[in-house]
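Remarks on the overall topology
Each chain, written out:
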Amino acid sequence: MIVFRYLGREVLMTLTAVSGVLLLIIMSGRFIKYLAQAAAGQLDPGVLFLIMGYRLPGFMVLIVPLGMFLGILLAYGRMHLDSEMTVLSATGVSERRILWYTQGPALLTALFVAWLSVWVAPAGVTRTQMLFAEQDAMTEFDTLVAGRFQSIGRAAQRVTYAGGLSADRTELREVFIAERTGTGDDVRVGVLIAERGRQQMNPDGSRYLVLQDGFRYDGRPGSPEFRTIEYDTYGVLLPQPEAVTEITDREAIPTRQLIGDPDLRMRAELQWRLALPLLVPVVAFFAVPLARVNPRQGRFLKLLPAIFLYMAYLALLISARGWMESGRTPAAIGLWWVHGVFLLVGLALNFRALFPPRVPERQHAPA
């Protein structure tokens with residue numbers, strides 16, 4: 001039991017450290033993407049950390065199994081270099097027993113990944129989509145920041161600037177609006193400049209931007225024909241936002257709704273959520289022999305081939321999911337055969353530990 005606790009502690013501590021580093025790298029890249037959208041006025045900066053929090057379980061579902069695999073390689077590799085494994089072997093702890101001891105933290109990690117994959121991650125994706133739907137339903141006044149040019153619309157058809165903005169976000173000062181219309185050779189550009197402006201809501205739900213004391217310039221790029229209008233009051237109809245409330249992403253569908261669904265895509269999604277927890281004990285099974293290194297060779301000699309083996313496992317799971325969705329693989333086989341293939345790989349790598357050669361008994365000569 002002492003050996004079991006020691007091995008489990010080493011593996012779980014390394015798992016936590018590796019997963020934390022990987023999670024920090026991946027989330028930093030995704031946060032930069034969301035931050036760029038917030039800077040462009042497409043997202044409210046106040047929801048950035050909410051989005052990252054809701055996306056966190058989905059990232060961890062993929063990161064924790066890899067962290068478990070690398071944790072075993074690094075922890076056991078260090079123990080081989082420090083001759084701790086040699087001491088354990090000399091005290092009667094066989095390689096087979098180390099294999100079973102390793103499955104303890106692996107099963108604990110698999111339960112954690114199953115909880116994330118089956119329940120937490122789909123709920124997080126649902127909340128993320130709801131936040132994005134709320135952001136799409138916001139008008140440019142809701143995301144406008146004073147003193148910054150902001151592109152409005154998917155294709156950046158309008159650029160808006162306001163030198164000042166009131167606290168209730170209805171009054172603007174020093175307004176500049178550039179809008180592009182048409183396509184191809186029929187592109188036209190309109191520019192509006194005003195000293196001040198305000199948002200006006202009508203009883204029918206339409207929104208207008210009422211500008212005061214300004215100019216409007218219209219024309220075609222490359223053509224000398226431009227029209228200039230000076231106005232005291234000018235109204236601009238603001239596009240009505242389209243609120244999207246339907247959640248269509250398969251990753252957001254609760255697991256209980258996937259059970260029994262005859263759609264191949266839904267069945268593939270269900271098997272994918274179950275395949276990730278099963279991945280953990282299988283990779284832990286063949287990670288133990290891959291962590292065995294010679295002290296003269298260094299602890300990182302087998303690290304790169306081991307990572308390639310893990311990536312092949314994950315890539316084959318992703319490919320099998322696509323084959324199942326397209327109908328090329330029967331749903332009964334689904335993704336399970338991939339686990340069987342790599343379980344055989346683990347059996348081959350652990351053959352000597354599982355089936356040690358019998359030592360012939362000594363035969364004593366008759367007296």
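The structure presented is a predicted model; accordingly, all values stated were derived computationally and were not measured.

1. Details of the overall build of the protein
- Counting its secondary structure elements, the protein contains 10 helices and six strands.
- Considering the protein as a whole, with its 367 residues, one finds that 40% of them fall into the buried category.
- With an accessible surface of roughly 20,800 Å², the protein has 61% of that area assigned to carbon and sulfur atoms.

2. Focus: the packing of aromatic side chains
- The final tally for this structure, using the stated rule, is 11 aromatic pairs.
- Between Phe 69 and Tyr 310, the aromatic rings sit 5.3 Å apart at their centres with planes inclined by 25°, giving stacked as the arrangement. With Phe 69 in helix 2 (residues 48-81) and Tyr 310 in helix 8 (residues 303-326), the pair connects residues that are 241 residues apart, well separated along the chain.
- Given a relative accessible area of 2%, Tyr 310 falls into the buried group.
- Residues Trp 323 and Trp 337 carry aromatic rings whose centres are separated by 6.3 Å and whose planes lie at 10° to one another, so their mutual orientation is stacked. Of this pair, Trp 323 sits in helix 8 while Trp 337 sits in helix 9 (residues 336-349), placing them 14 residues apart in sequence.

3. Focus on helix 2
- Largest kink in helix 2: about 35°, centred on Met 60.
- In terms of burial, helix 2 is a largely internal element, 24 of the 34 residues being buried.
- Looking one or two places after helix 2, you find Ser 83, whose phi comes out positive at around 65°.

Criteria and cut-off values
- Residues numbered from 1 in each chain as written.
- Predicted model: local features only at pLDDT ≥ 70, side-chain atom pairs only at ≥ 80, totals over all residues.
- Heavy atoms only, no water.
- Helix = DSSP H or I, 4+ residues; strand = E, 2+ residues; numbered from the N terminus.
- Buried < 20%, exposed > 50% of the residue type's maximum accessible area, 1.4 Å probe, protein only.
- Areas by Shrake-Rupley, 256 points an atom, 1.4 Å probe, with all protein chains shown as cover.
- Phe/Tyr/Trp six-rings, centres within 6.5 Å; stacked < 30°, edge-to-face > 60°.
- Bend = angle between axes of the 7 residues up to and from the residue.

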